[in-house]
Amino acid sequence: MGGVDLRKAGAAPKLYHVLEEKQSTVSQGALFGSDHTYVIPGKKKEKDVPEYLKGVLAKNVDLDVAINPEELEGLDEEGVRQLYDEKLAEARRRADVREDLSDVVAEKAAQQKRKLLQKQEQQSKKTDSAKRAKTETFKF
């Protein structure tokens, strides 16, 4: 039979990879714990993270990056990476800038103080009028 061989030339692909196993202890607070952990090759380490992301990752802040499709037109893979890095740096700068809310807090505190004073005045008026009414109606 003179058929076509559809197999690729070369070595057969690797179907699985045996992971290195480490022994560990189960912490008391863990709901589901395991005494086995596995070393996953190629896992990113702290030294592989760009310098400008280390502060964001330490804070565990989620950043949203939006890129318009028009911005992606005509860019190769490296250009897309650079655009993404720029947008990420911009989002990081926005995350670092905290809005000054001291004036809002001061205004709210003043409003609460006014309400409390008005309530106290109303209560004092009620008690004063009740005392006057008692003294006027009481006769010896």
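Keep in mind that what you see is a predicted model, and the values were worked out from it rather than measured. (Residues numbered from 1 in each chain as written. Predicted model: local features only at pLDDT ≥ 70, side-chain atom pairs only at ≥ 80, totals over all residues. Heavy atoms only, no water.)

Chemist: Account for the overall build of the protein, naming residues and giving values.
Modeler: Helix and strand content of the protein: 4 helices and 2 strands. Going from N to C terminus, the protein has its helices and strands arranged as β-β-α-α-α-α. As presented, the protein carries roughly 13,800 Å² of accessible surface, and 54% of it is formed by carbon and sulfur atoms. (Helix = DSSP H or I, 4+ residues; strand = E, 2+ residues; numbered from the N terminus. Areas by Shrake-Rupley, 256 points an atom, 1.4 Å probe, with all protein chains shown as cover.)

Chemist: Before we move on, could you go through a nonpolar patch on the surface and cite the residues and values that matter?
Modeler: A cluster of nonpolar side chains, contributed by Leu15, Tyr16 and Val18, occupies part of the molecular surface with about 430 Å² of accessible area. Tracing the sequence through the fold places Tyr16 in the segment before β1 (20-23). Among the residues examined, Tyr16 registers a relative accessible area of 63% and is labelled exposed. (Patch = residues over 30% accessible without salt bridge, like charges linked within 9 Å, V, L, I, M, F, W, Y side chains within 5 Å. Salt bridge = Lys/Arg side-chain N within 4 Å of Asp/Glu carboxyl O. Buried < 20%, exposed > 50% of the residue type's maximum accessible area, 1.4 Å probe, protein only.)

Chemist: So what's going on with the environment of Leu88? Residues and values would help.
Modeler: Positionally, Leu88 belongs in helix α3 (residues 77-96). With a relative accessible area of 8%, Leu88 lands in the buried category. Between the C-alpha atom of Leu88 and that of Asp64, which follows or precedes it by 24 residues, the distance is 8.0 Å.

Chemist: Could you give an account of a negative patch on the surface, naming the residues involved and the relevant values?
Modeler: There is a patch of like negative charges on the surface, built from Asp76, Glu78, Asp85 and Glu86. Relative to the helices and strands, Asp85 is located in helix α3. Of the residues examined, Asp85 reaches a relative accessible area of 34% and is grouped as partly exposed. (Lys, Arg positive; Asp, Glu negative; His and termini not counted. Charge placed at Lys NZ, Arg CZ, Asp CG, Glu CD.)

Chemist: Break down the pattern of salt bridges for me, with residues and values.
Modeler: Tallied over the entire structure, the rule returns 2 salt bridges. Among the salt bridges present, the one from Lys87 reaches Glu71, with a minimum N-O distance of 3.3 Å. Of this pair, Lys87 sits in helix α3 while Glu71 sits in helix α2 (residues 69-72); the two residues are 16 residues apart in sequence, bridging distant segments of the chain. The residue Arg81 makes a salt bridge to Glu77 at a minimum N-O spacing of 3.1 Å. You can see Arg81 and its partner Glu77 sitting in helix α3, 4 residues apart, about one turn around the helix. Residue class for Arg81 comes out partly exposed when judged on its relative accessible area of 47%. Taking relative accessible area as the criterion, Glu77 reaches 55% and is therefore assigned exposed.

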